[in-house]
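Next come the chains, spelled out residue by residue.
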Amino acid sequence: MRSTGIRRTLVALGVGALTLTACGSNDDEAAGGKTRITVNCMPPKSAKVDRQFFEEDVAAFEKKNPDIDVVPHDAFPCQDPKTFDAKLAGGQMEDVFYTYFTDARHVVDIGQAADLTPYVKELKSYDTIQQQLRDIYTVDGKVYGIPRTGYSMGLIYNRELFEKAGLDPDRPPTTWDGVRDAAKRIAALGDGTVGYADYSAQNQGGWHFTAELYSQGGDVVSADGKKATVDTPEGRAVLQTLHDMRWKDESMGSKQLLVINDVQQMMGAGKLGMYLAAPDNIPILVKEKGAEYENIALAPMPGGEGTLIGGDGYMFDKNASPEQIRAGLKWLDHMFLTPGDGFLGDYARAKKNDAPVGLPEPRLFTGAADTKDQQVKKANANVPVENYQSFLDGSRQLEMKIEPPHAQQLYSVLDGVVSAVLTKEDADIDRLLKDASGKIDGILARS
């Protein structure tokens, strides 16, 4: 599950949605003896500015590397779960192809990824990337992919409603008891104001349950991926909190079975105090839902234990030649992994084109590379970065955990659990968790 569907990838440049999938190249030799690579996730033509940036950066790369011919493909979305496996199996994937973090192990397990280990030393930026992100694409000690972006969940809140409710907007809640108390006070403002909202449909309820479970120190499946671990004290704590906020406090409003667009509209209209989301929600709230940057803030995930992270990267087709792998790694360095430059890092270009700069995205780099990236970002910031400082500070203390295996299937099961708690005052939490645990065990056993 993405934090905003498919919108996460290029929000730093103000992109709506990026994408692609198309056919790989069976011939690594382009005209004139060049090495040809096909790549995906080029912005669609409808995203004119981002398309222009991407084409400019590809042209600059080819000028710098005249022996490489880059053939980009666009489509929507960057990765379609319905066709992803079929394209891999049918040899229709690009030489260098986009993946979500949750895909990495699966692509390796079905034998469709090239082993990059002998070549990764040629990727200049590799050692500067956060270790926990590199580990996502490392299987049994071998490197099969390169991370490009990441996100982590936090608590988005309305500063104006905090002030109206007598809460300090510079001291957001850090515990679920604190969230519950703040939600009650915000809901007490009346006039249709909701203190806290959560998703409970279209697999999004299961996604948020997972994030909330992580925040309590729990997990959805065991470390070996074979058994469900939702029927636990941590799982009950998540559901009991939601139940009590919905029915005892009446701070979540009467309308339930919400999805992300519903909640974003509520926040943009100034009728919602808090909800869980990633930083990429912020420009959507402003540009599409009517909010103002000055009024939207982001705090770390309540609970103090962990938070859900996601993101994306690139892997290489199993049939890519050594020349194509080396060319693809050079392309990744140029496009996405040069601090303060390239398609994702050219903050000056983004600011010039009125895209948000300074959102609290998780840091991709470490050391000197991170310092440079942050300096360039700060110099070009055009959003109120002080509204996100608590998120940046607090998130560093949390365990960062990716989505569980077979995430969408598990989320479908957990959707029913969350929706039952939010729509039925007499919902039996113990029974719901026991039934969900059995269903998840079945999914894991069949995998």
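Residues numbered from 1 in each chain as written. Predicted model: local features only at pLDDT ≥ 70, side-chain atom pairs only at ≥ 80, totals over all residues. Heavy atoms only, no water.

Colleague: What's the story with the overall build of the protein chain in this structure? I'm lost.
Modeller: Looking only at helices and strands, the protein chain features 17 helices and 12 strands. In summary, the protein chain has a C-alpha radius of gyration of 22 Å against a globular reference of 22 Å for 447 residues, a match within 12%. Principal axes of the C-alpha set define a box for the protein chain whose edges measure 70 × 50 × 35 Å. Sorting the 447 residues of the protein chain into buried and exposed places 58% on the buried side. In the protein chain, the proportion of contacts linking residues at least 24 apart, taken out of those at least 6 apart, comes to 77%. If you sum the accessible surface of the protein chain, you get close to 18,000 Å²; carbon and sulfur atoms cover 47% of it. The average position of the 50 basic charges and that of the 65 acidic charges among the side chains of the protein chain differ by 1 Å. (Helix = DSSP H or I, 4+ residues; strand = E, 2+ residues; numbered from the N terminus. Rg over C-alpha atoms; globule rule 2.2 N^0.38 Å. Buried < 20%, exposed > 50% of the residue type's maximum accessible area, 1.4 Å probe, protein only. Contact = heavy atoms within 4.5 Å. Areas by Shrake-Rupley, 256 points an atom, 1.4 Å probe, with all protein chains shown as cover. Lys, Arg positive; Asp, Glu negative; His and termini not counted. Charge placed at Lys NZ, Arg CZ, Asp CG, Glu CD.)

Colleague: Help me understand the pattern of salt bridges, please; the structure alone is not making it clear to me.
Modeller: Two side chains that carry opposite charge are able to pair once their charged atoms sit near each other. Inspection of the entire model under this criterion finds 23 salt bridges. Measuring nitrogen to oxygen at the nearest pair gives 3.7 Å for the salt bridge that ties Arg180 to Asp244. One end of the pair, Arg180, is in helix α6 (residues 176-187); the other, Asp244, is in helix α8 (residues 233-248), with 64 residues separating them in the sequence. Residue Asp244 is classed as buried on the basis of its relative accessible area of 8%. (Salt bridge = Lys/Arg side-chain N within 4 Å of Asp/Glu carboxyl O.)

Colleague: Which parts of the structure should I look at to understand the sheet that holds strand β8 (residues 194-196)?
Modeller: Pairing within the open sheet is mixed, and its 4 strands lie in the order β8-β9-β7-β10. At either end of the open sheet lies a strand with only one pairing partner, and these are β8 and β10 (296-300). The sheet shows a mean angle of 25° between the axes of neighbouring strands, taken without regard to direction. Relative to strand β9 (residues 272-277), β8 runs parallel, the two being bridged by 2 bridges. Bridge pairing in β9 places Val194 opposite Leu272. (Pairing = 2+ DSSP bridges. Axes fitted to C-alpha atoms, helices over the stretch in contact; angles between N-to-C directions.)

Colleague: It is not clear to me how the side chain of Asp249 should be interpreted in this structure. Could you clarify?
Modeller: Turning to its location among the elements, Asp249 is positioned in the loop between α8 and α9 (260-268). Given the relative accessible area of 17%, Asp249 is considered buried. In this structure, Asp249 is in contact with Arg180, Lys184 and Asp244, ignoring residues within four places of it in sequence.

Colleague: Could you clarify how one ought to interpret the packing of aromatic side chains in this entry?
Modeller: One pass over the full model with this rule turns up 13 aromatic pairs. Ring plane angle 85° and centroid distance 6.3 Å describe the contact between Tyr98 and Tyr314, whose orientation is recorded as edge-to-face. Of this pair, Tyr98 sits in strand β3 (residues 96-100) while Tyr314 sits in strand β11 (residues 306-316), and the two are 216 residues apart along the sequence. Judged by relative accessible area, Tyr98 falls into the buried class, the value being 2%. Here Tyr314 falls in the buried class, since its relative accessible area comes to 0%. Of the aromatic side chains, those joined through ring pairs into one cluster are Phe54, Tyr98, Tyr100, Tyr314, Trp331, Phe336 and Phe343. Over the ring of Tyr126 we find Arg134, and its NZ or CZ is 5.2 Å from the ring centre. Between the NZ or CZ atom of Arg246 and the centre of the ring of Trp247, over which it lies, the distance is 3.9 Å. (Phe/Tyr/Trp six-rings, centres within 6.5 Å; stacked < 30°, edge-to-face > 60°. Lys NZ or Arg CZ within 6 Å of the ring centre and 35° of its normal.)

Colleague: Sorry if this is basic, but what is going on with helix α17 (residues 429-446) here?
Modeller: Residues spaced three or four apart along an α-helix face the same direction, because each turn holds 3.6 residues. For α17, built from 18 residues, the straight-helix expectation of 26 Å at 1.5 Å per residue is met to within 8% by its first-to-last C-alpha distance of 26 Å. Looking only at α17, the buried set comprises Ile429, Leu432, Leu433, Ala436, Ser437, Ile440, Asp441, Ile443 and Leu444. With its buried residues spanning 165° around the axis, α17 presents them on a single face. Exposed residues pointing more than 90 degrees away from the buried face of α17 are listed as Lys434, Lys439, Ala445 and Arg446. Among the residues of α17, the N-terminal cap falls to Asp428, whose side-chain oxygen and the backbone nitrogen of Asp430 are separated by 3.2 Å. (Expected span 1.5 Å × (residues − 1). Arc of directions from axis to C-beta. Polar contact = N/O pair within 3.5 Å; in protein donor to acceptor, adjacent residues only side chain to side chain.)

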